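The residues making up each chain are set out below.
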Amino acid sequence: MKKLFATALLALPFSAFAASPAPASSDAWQGARPAVEISVSHGESPDTYQVNAVVSDLRNGTVLAEPVMVVQAGKVARAEIGGIGAEGLVSVAFAVTVDPAGGAATYTSEVRN
């Protein structure tokens, strides 16, 4: 049986925290065509920002994962979600950076087979 992994990778210690409600089953990641939507808002602590992501399957709109991360301005938060390293399963890696002034955020995402 293949296992589904949800992992958060931190670029710098304490720069981000990732959590995800119950992720989709591993079957949902089989042949998925992921879309990533990111939103960023001010965090609860000064100089922090909350990053909400929704990863859905373009084939049918199924939500595959909804990770939440908290990141400090000027630092990078990274996550990889899905069938990480499992043959035949798709995963999505993405990184979000809030600029040091807190006025803008950028993100990149990569679908991995």
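The structure reproduced in this document is the subject of the present report.

The rules we used
Residues numbered from 1 in each chain as written. Predicted model: local features only at pLDDT ≥ 70, side-chain atom pairs only at ≥ 80, totals over all residues. Heavy atoms only, no water. Helix = DSSP H or I, 4+ residues; strand = E, 2+ residues; numbered from the N terminus. Buried < 20%, exposed > 50% of the residue type's maximum accessible area, 1.4 Å probe, protein only. Contact = heavy atoms within 4.5 Å. Areas by Shrake-Rupley, 256 points an atom, 1.4 Å probe, with all protein chains shown as cover. Core = buried A, V, L, I, M, F, W, Y, C linked by side-chain atoms within 4.5 Å. Pairing = 2+ DSSP bridges. Salt bridge = Lys/Arg side-chain N within 4 Å of Asp/Glu carboxyl O. Polar contact = N/O pair within 3.5 Å; in protein donor to acceptor, adjacent residues only side chain to side chain.

Here we look at the overall build of the protein
- For the protein, the helix and strand inventory stands at zero helices and nine strands.
- Secondary structure elements of the protein occur, N-terminal to C-terminal, as β-β-β-β-β-β-β-β-β.
- Residue burial in the protein is summarised as follows: out of 113 residues, 35% are buried.
- In the protein, the share of contacts with a sequence separation of at least 24, taken over all contacts with a separation of at least 6, comes to 47%.
- Element-wise, carbon and sulfur atoms account for 55% of the exposed surface of the protein, whose accessible area totals about 6500 Å².

Structural notes on the nonpolar core
- Trp29, Val55, Leu64, Met69, Val71, Val92 and Phe94 are the most contacted members of the largest nonpolar core, which totals 23 residues.
- Among the elements of the structure, strand 4 (48–57), strand 5 (63–65), strand 6 (68–72), strand 7 (76–82) and strand 8 (91–98) are those that each provide at least two residues to this core.

Observations regarding the pairing of strand 7
- Of all seven residues in strand 7, five are buried, a share of seventy percent or more.
- Across seven bridges, strand 7 lies against strand 8 in antiparallel orientation. Within strand 8, the position partnered with Ala77 by the bridge is Val96.

Quick look at the pattern of salt bridges
- Inspection of every chain in the model, using the stated rule, returns three salt bridges.
- Residue Arg59 is joined to Asp57 by a salt bridge in which the shortest nitrogen-to-oxygen separation is 2.6 Å.
- Among the residues examined, Arg59 registers a relative accessible area of 48% and is labelled partly exposed.
- For Asp57, a relative accessible area of 2% gives the class buried.

Focus on the pairing of strand 6
- Burial of strand 6 is one-sided: the residues Met69 and Val71 facing one way are buried, the residues Val68, Val70 and Gln72 facing the other way are not.
- As judged from the five bridges shared by strand 4 and strand 6, these two strands associate in the antiparallel manner. Its bridge partner lying in strand 6, Thr48 is registered against Gln72.

Points about the environment of Arg78
- Locating Arg78 in the fold gives a position in strand 7.
- We classify Arg78 as partly exposed; its relative accessible area is 38%.
- Along the backbone, Arg78 and Tyr107 are 29 residues apart, and their C-alpha atoms lie at a distance of 9.6 Å.

A few points about the side chain of Asp57
- Residue placement: Asp57 occurs in strand 4.
- Reaching out from Asp57, the side chain makes a polar contact with the backbone nitrogen of Arg33 at a distance of 3.2 Å.
- Contacts of Asp57, omitting those with residues within four sequence positions, involve Ala28, Ala32, Arg33, Thr62 and Leu64.

Some details on unusual backbone geometry
- Notably, Asp47 is not glycine yet its phi reads approximately 65 degrees, a positive angle.
- Note on Asp47: relative accessible area 46%, which makes it partly exposed.

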